[in-house]
Amino acid sequence: IILMKDLGDFMTYNWDLTKIYQKKEDFYYDMTLVRDKIKKMNDHREFKVDGNSLYLLMKECFEIREINAKTLLYASLNYYLDINNDSYIKMKKQAEELDLFVNNETNYIDELLSIIDEDKLEVFYKECLDLSNYKYYIENIRRMSKHIINDNYEKLNDSILSKNSYLVEYNKLISSMDFGSV
């Protein structure tokens, strides 16, 4: 049972975010790292698809998405600790923009996975045994792609990304509002 006098302590969050990043500079370093990795990956966007090249692409993409998720989580948790802190608001906005950028810049990989011939994909798994680390993900993308009308896929994706930008603006609006004391 929580007594009313204890409610203040209950509502105080004390998260140790240093387990994610020791300092804010590490957060910004990772944000830059993600952008650099995306640029490097996109510099080699045209390549001969074989088992090894597909494995390397998947490995790089997962590394990028993992770092991106870490930055978004860190920024969001900081923001929710104090939604009025301008520094945290800025961090969260930057992390959300990076997330949008990562999704836009890596969605071609899922499209590539959905059009590779099944027999060719089996050859790739035999060529590069490490590619099987991503087999579940690849099969899931291929299974989902069967339910997407290709002509409308890009329009739908653009619509979702557009809605994400509205969410960013909504969060900005809410955080700037003063609700007084409740």
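Residues numbered from 1 in each chain as written. Predicted model: local features only at pLDDT ≥ 70, side-chain atom pairs only at ≥ 80, totals over all residues. Heavy atoms only, no water.

Regarding helix α2 (residues 24-43)
One turn of an α-helix holds 3.6 residues; hence residues three or four places apart share an orientation. To keep things clear, this is the line we draw: Only runs of H or I of at least four residues qualify as helices and only runs of E of at least two qualify as strands under DSSP, and these elements are numbered from the N terminus. An expected span of 1.5 Å times one less than the residue number is assigned to each helix. Residue burial is assigned from relative accessible area. The probe radius is 1.4 Å, only protein chains are included, and a residue is buried under 20% of its type maximum, exposed over 50%, and partly exposed in between. By definition, the arc is the one covered by directions from the helix axis to the C-beta atoms.
In this model α2 runs 29 Å from its N-terminal to its C-terminal C-alpha over 20 residues, within 8% of the 28 Å that 1.5 Å per residue would give. For α2, the full list of buried residues reads F27, D30, M31, V34, K37, I38, M41 and N42. When α2 is viewed along its axis, its buried side chains cluster within an angular range of 125 degrees and face the same direction. Exposed side chains of α2 directed beyond 90 degrees from the buried face belong to E25, Y29, K39, K40 and D43.

Observations concerning the nonpolar core
Within soluble globular proteins, side chains that are nonpolar tend to cluster in buried spots. Condition: As used in this record, nonpolar core signifies buried Ala, Val, Leu, Ile, Met, Phe, Trp, Tyr and Cys residues forming a set joined through side-chain atoms within 4.5 Å. Between two residues, a contact is recorded if the distance between any of their heavy atoms is within 4.5 Å.
Core analysis: the largest hydrophobic core is formed by 35 residues, its most contacted members being F27, L54, M58, I109, L131 and I138. Those elements that place two or more of their residues in this core are α2, α3 (51-81), α4 (86-115), α5 (118-127) and α6 (135-145). Here this core takes 10 residues from α3, the largest share from any one element. What I109 contacts, discounting residues up to four positions off in sequence, is M41, L57, M58 and C61.

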